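Tertiary structure, described
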Amino acid sequence: MIYDLIIIGAGSAGLSAAIYAGRSLLKTLIIEKSGYGGRVNDTASVINYPGFSNISGRDIVKEFRNHASAYDTNKFTYGTVEGIEKEGDIFCLKTKRDKKYYGKAIIIATGTFSRILNIPGEMEYTGHGVSYCSTCDADNFINKDIHILGSGDLALDEADYLSNFCNSINLLVIHDRGVLDGNAQAQAKLKNNPKISFTWNCELLGIYGDTKVKQIEYQNLKTGEKNLVASDGIFIFAGMSPNSSFLEGLVELDDQKFVKTNEFMQTSVKGIFAAGDVRKKVLRQIVTAANDGAIATVYAERYIRNRSKL
Ligand SMILES: Cc1cc2nc3c(=O)[nH]c(=O)nc-3n(C[C@H](O)[C@H](O)[C@H](O)COP(=O)(O)OP(=O)(O)OC[C@H]3O[C@@H](n4cnc5c(N)ncnc54)[C@H](O)[C@@H]3O)c2cc1C
């Protein structure tokens with residue numbers, strides 16, 4: 001069977017692409033390796049998607065999934081894509097379990113994973129006090145005194161959420177006093193939250209404990225002073241890395257391995273499009289992932305229609 005379109009990844013970008021594919025009556029396969037909805041599942045509440053002033057991550061992706069499933073031409077399957085090859089003018093996708101799928105056009109919507117810093121203790125204590133997902137792990141930290149590394153939107157939003165569970169949260173921030181990267185609304189909320197404090201000009205050096213985290217060590221980047229302090233755990237929000245290893249040597253990637261596209265979501269290979277967080281872009285959010293997915297399908301459809309006239 002040759003599909004018109006194969007979408008790899010069923011997060012916000014992939015599901016949005018699938019909705020547009022359904023409306024265009026494209027025979028579409030959506031391949032997802034783990035859970036439908038992608039990273040939105042990791043957020044407790046979404047307050048910035050138009051039409052939903054406050055909805056849980058899981059509920060919003062359920063809406064996306066139901067919408068994308070409403071089209072008979074969309075078929076969903078589980079699988080981890082590990083390679084793409086071109087056979088004539090058809091793309092062949094290979095999965096981890098050696099399954100092959102064929103499509104006229106491909107949309108890569110594989111998103112990102114949390115960046116691992118490889119700090120001493122980080123891997124050892126992941127799941128034992130080191131976490132990258134507050135929705136997944138917050139209830140392990142009830143009444144605990146914890147740290148958060150990061151100062152972007154994600155770190156600030158998650159600090160606010162975690163403060164419902166923890167006794168105290170200290171944010172380790174690399175910048176000078178008062179400088180945070182996250183949005184102004186989240187900053188204001190945290191500054192009025194008595195459970196939140198900040199350590200400025202701070203670099204994390206190590207995470208230590210026995211069966212679980214007991215201490216962290218950090219250094220003041222200005223003075224060089226090192227501090228070993230008690231901690232029940234640390235959440236690391238230090239950016240995202242793209243799920244693009246299977247694309248190396250196939251499509252053009254930037255120096256951080258994000259997929260390069262033009263504004264039509266076309267990659268360096270004709271017939272392969274990319275959408276959502278896996279792309280090189282300025283804002284990684286649900287709304288921009290949905291936007292990318294829509295554009296990718298519209299241009300994939302044009303590619304497919306023009307291709308069949310050749
Ligand atoms: C904790 C957290 C909170 C957030 N909160 C918000 C928020 O409040 N508002 C907001 O707008 N944004 C938020 N974001 C950002 C938002 O989740 C992302 O921008 C959005 O999920 C990107 O969608 P995506 O489809 O590009 O990628 P993803 O959601 O990452 O989906 C990619 C999908 O591809 C699958 N996949 C990966 N590799 C393969 C493969 N090889 N084969 C098959 N499938 C594969 C993955 O399993 C995944 O399901 C948050 C992110 C995090 C981590």
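The structure we're discussing is the one just above.
Residues numbered from 1 in each chain as written. Predicted model: local features only at pLDDT ≥ 70, side-chain atom pairs only at ≥ 80, totals over all residues. Heavy atoms only, no water.

Let's shift gears to the packing of helix α1 (residues 12-23) against helix α2 (residues 57-69). Axis angle and axis distance: for two packed helices, these are the angle between their axes and the distance between the axes, and together they describe the pair. Relative orientation of the contacting elements α1 and α2 amounts to 30 degrees, with a least axis distance of 8 Å. Classified by the angle between their axes, α1 and α2 sit roughly parallel to one another. Once α1 is placed against α2, the crossing between them reads as left-handed. Here Ser12, Leu15, Ala18 and Ile19 of α1 come into contact with α2, specifically with Val61, Phe64, Arg65, His67 and Ala68. Looking at the contact of α1 with α2 residue by residue, the classes come out as 6 nonpolar, 2 polar and 1 charged. (Axes fitted to C-alpha atoms, helices over the stretch in contact; angles between N-to-C directions. Helix = DSSP H or I, 4+ residues; strand = E, 2+ residues; numbered from the N terminus. Parallel < 35°, antiparallel > 145°, perpendicular 65-115°, else oblique. Left-handed = near helix turned anticlockwise from the far one by under 90°. Contact = heavy atoms within 4.5 Å. Nonpolar A, V, L, I, M, F, W, Y, C, P; charged D, E, K, R; others polar.)

Let's shift gears to the state of the cysteines. What the rule picks out here adds up to 1 disulfide. In this structure Cys166 is not part of a disulfide, and its nearest cysteine sulfur, from Cys133, lies 13 Å away. Residue Cys202 stays outside any disulfide, its sulfur separated by 18 Å from that of Cys166, the closest cysteine. Since its relative accessible area comes to 2%, Cys202 is described here as buried. (Disulfide = S-S within 2.5 Å. Buried < 20%, exposed > 50% of the residue type's maximum accessible area, 1.4 Å probe, protein only.)

Turning to the site of the ligand, a few remarks are in order. In the region of the ligand, 37 residues are neighbours, and Glu32, Arg39, Asn48, Asp277 and Ile286 sit closest. The backbone of Ala109 places a nitrogen or oxygen atom 3.5 Å from an oxygen atom of the ligand. Gln285 has a polar backbone atom sitting 3.2 Å from an oxygen atom of the ligand. In isolation the ligand offers 1000 Å² of accessible surface; the protein chains occlude 94% of this area. Contributions of two or more residues to the shell around the ligand are made by α1, β2 (28-32) and α6 (286-309). A breakdown of the residues in the shell around the ligand according to their chemical character gives 13 nonpolar, 18 polar and 6 charged. (Near = heavy atom within 4 Å. Polar contact = N/O pair within 3.5 Å; in protein donor to acceptor, adjacent residues only side chain to side chain. Areas by Shrake-Rupley, 256 points an atom, 1.4 Å probe, with all protein chains shown as cover.)

What follows covers α1. A turn of α-helix holds 3.6 residues, and therefore any two residues three or four places apart point the same way. End to end, α1 covers 17 Å across 12 residues, agreeing with the expected 16 Å (1.5 Å per residue, within 8%). Taken together, the buried positions of α1 are Ser12, Ala13, Gly14, Leu15, Ser16, Ala17, Ala18, Ile19, Ala21 and Gly22. (Expected span 1.5 Å × (residues − 1).)

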